[in-house]
2 protein chains.
Amino acid sequence: MDVVALEKSPSLSDQALERLTELIIRGDIKPGARIQEAVLARQLGISRGPLREAIRRLEGRGLLVRIPHVGVRVASPTVEEIIDLYMIREVLEGLACRLAAERLTDEELKRLRDVLFDHSAHEDVKSGTGYYQSPGDQDFHFQIIEGSRQVRLIETLLGDLYQVLRFFRYRSSINPGRAKAAFDEHVSILEALERRDGEAAERLMREHLQHARMSIQETVDVGAAPPDA
Amino acid sequence: MDVVALEKSPSLSDQALERLTELIIRGDIKPGARIQEAVLARQLGISRGPLREAIRRLEGRGLLVRIPHVGVRVASPTVEEIIDLYMIREVLEGLACRLAAERLTDEELKRLRDVLFDHSAHEDVKSGTGYYQSPGDQDFHFQIIEGSRQVRLIETLLGDLYQVLRFFRYRSSINPGRAKAAFDEHVSILEALERRDGEAAERLMREHLQHARMSIQETVDVGAAPPDA
DNA sequence: CACGAGTAATCTGTCAACAATTGACACCTT
DNA sequence: AAGGTGTCAATTGTTGACAGATTACTCGTG
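Residues numbered from 1 in each chain as written. Chains lettered and ligands numbered in written order. Predicted model: local features only at pLDDT ≥ 70, side-chain atom pairs only at ≥ 80, totals over all residues. Heavy atoms only, no water.

So, the packing of aromatic side chains
Residues and elements named next belong to chain A.
And then number 1: For the structure on display, the rule yields four aromatic pairs over all chains.
And then number 2: Relative to Phe183, the ring of Phe117 has its centre 6.1 Å away and its plane inclined at 90°; by these criteria the two rings are edge-to-face. A residue pair is termed long-range when its members are at least 10 positions apart, and Phe117 in helix α5 (residues 106-122) and Phe183 in helix α8 (residues 176-194) qualify at 66 residues.
And then number 3: Classification of Phe117 as partly exposed rests on a relative accessible area of 33%.
And then number 4: Judged by its relative accessible area of 9%, Phe183 is buried. (Phe/Tyr/Trp six-rings, centres within 6.5 Å; stacked < 30°, edge-to-face > 60°. Helix = DSSP H or I, 4+ residues; strand = E, 2+ residues; numbered from the N terminus. Buried < 20%, exposed > 50% of the residue type's maximum accessible area, 1.4 Å probe, protein only.)

Here it is, written out as structure tokens:
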């Protein structure tokens, strides 16, 4: 409901939510960094009230962590917590994929196929680096999730989880071999969707994300973010 | 993070969150009912600021719905939306169950077994009505979820989803046959856990919740809540 | 020189007043 | 009489100021 109905809500709290999310995801505010309400409010040109409401929502989303009477910081999750998030994404997006297999229209399937092969043609994939987590990858997953037609699920995945993951995917999976594999897995998923085979689609999506997760777990070289700013 | 760390945070916003949640879940404020900030703030003995923060969090949790410049209402989901929630619970708790199979200590398994058979002995189950959604049922699921040792998952399930579902499970599954079946399914799940068979545990839990979901879908006689108060 | 008590500064938590928007009612026009 | 228009009350959205708590600093002392 947030990310979808945001456009028609010019309330300062909503704007603050949007801009603050962007600040965090773009890395302008680093993980672990403290947020001073008064300072940030002044930067955003609003007062503390609406900002606090936005912060509270971001808290619930897990992007911010508050210590009572001390302050709020941008979350700086451990590698394990990121892995945990991926596990959740795994089952949730698996569900979305199963539903999508039953509910995607033929036109949407066609579009999905286009997205997949357009992107495969003109870049990235064979050069190895960069397919995974590219716009093309994003689009593919986005369209499947939205194809689930499950509002709550879409909100949770796109509105909450993806925001957090977008933020935390450091330079995950620069792994060159992974790119090709990921693309192939996408193809398999698409085929299952086209067969309207929900069971297979769910299983394949889960495996796909599981592989992505393991790929991340391998590239655990970058330490956690600096605890202070 | 909410439901677990609430005890040590006597901030008015936290208290408001707690009390308001309780008011909604207990049905003191009915689905679809309008919430007037000033009135509710006075009732709670606080000012509108902290209350608004609490409301914003409940919004994110899906218990409240806001129409800009008009007001917030208690959500009154359709049956389909409740079914959707159950689907999400299905995969999430399936994941929790798989993790629990690997991570529960032997002591916890023993305790789980006790919970199951204690409750089976002294009430409900054979009399038919009332096991499903009884404290015993709750405990069983709670302990498994917490046994997953996955903070984020626990928060999502216990802090968010269960709150919402507790609220929306009208008088679901008064279905007498269901009670016995539910208990048997619990036993099967427990056995899988004791075998440390995560795959089976996940599958059984998903089937268990799937049955519960279908049981609800059958008892779709009670219409949606009155749209106004 | 290190340590601790006391104090000051800073920031969060909270409140009450102000501004802006909405919905309803009454009134006027056709 | 029906429809539109303008005004008004009520409620949400926002602000700036106050109170309480925590952290950091300073000064004195062992």
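Quick word on the pairing of strand β3 (residues 71-74) of chain B
All names here are of chain B.
And then number 1: Strand direction decides the pairing type here: strand β1 (residues 34-35) and β3, joined by two bridges, are antiparallel. When the sheet's bridge partners are listed, Arg34 is paired in β3 with Arg73.
And then number 2: Two elements, strand β2 (residues 64-67) and β3, share four bridges in a ladder whose sense is antiparallel. Looking at the pairing, Val65 lines up with Arg73 of β3.
And then number 3: A loop of three residues connects β2 with β3, the two strands running antiparallel in sequence, and His69 in this loop sits at a positive phi of about 65°. (Pairing = 2+ DSSP bridges.)

Structural notes on the sheet that holds β2 of chain B
Backbone hydrogen bonds are what pair the strands of a sheet, in a parallel or an antiparallel way.
All names here are of chain B.
And then number 1: The three strands are arranged β1-β3-β2 in an open sheet whose pairing can be described as antiparallel. Pairing within the sheet leaves two strands with one partner each, and these edge strands are β1 and β2.
And then number 2: Contacting β2 and β3, helix α3 (residues 48-61) crosses the sheet at an angle of about 110° to β2. (Contact = heavy atoms within 4.5 Å. Axes fitted to C-alpha atoms, helices over the stretch in contact; angles between N-to-C directions.)

Some thoughts on helix α4 (residues 79-103) of chain B
And then number 1: In this model, α4 of chain B (25 residues) spans 35 Å end to end at C-alpha, consistent with the 36 Å of a helix rising 1.5 Å per residue.
And then number 2: Across the 25 residues of α4 of chain B, 20 count as buried, placing the element largely inside the fold. (Expected span 1.5 Å × (residues − 1).)

Focus on the UniProt feature "domain: HTH gntR-type" (unreviewed entry) in chain A
And then number 1: The positions UniProt marks with the feature "domain: HTH gntR-type" (unreviewed entry) are residues 10-77 of chain A.
And then number 2: Overall, residues 10-77 of chain A shows 53% helix and 15% strand. The separation of its end C-alpha atoms is 31 Å. (UniProt positions renumbered as here; feature names shortened; annotations may be inferred.)

Thoughts on the protein's contact with DNA strand C
And then number 1: Taken together, 19 residues sit near DNA strand C, with Gln36, Arg48, Arg52 and Arg66 of chain A together with Leu12 of chain B positioned nearest.
And then number 2: Close to the protein, within 4 Å, the atoms of DNA strand C belong to sugar or phosphate groups at a rate of 76%.
And then number 3: Arg34 of chain A places a polar side-chain atom, nitrogen or oxygen, 3.3 Å from a sugar or linking oxygen of DNA strand C.
And then number 4: Arg48 of chain A has a polar side-chain atom sitting 2.8 Å from a base nitrogen of DNA strand C.
And then number 5: Mapped by element, the contributors of at least two residues to the surface near DNA strand C are β1 (34-35) and α3 (48-61) of chain A together with α1 (12-25) and α3 of chain B.
And then number 6: For the surface near DNA strand C, a count of residues per class yields six nonpolar, seven polar and six charged. (Near = heavy atom within 4 Å. Polar contact = N/O pair within 3.5 Å; in protein donor to acceptor, adjacent residues only side chain to side chain. Nonpolar A, V, L, I, M, F, W, Y, C, P; charged D, E, K, R; others polar.)

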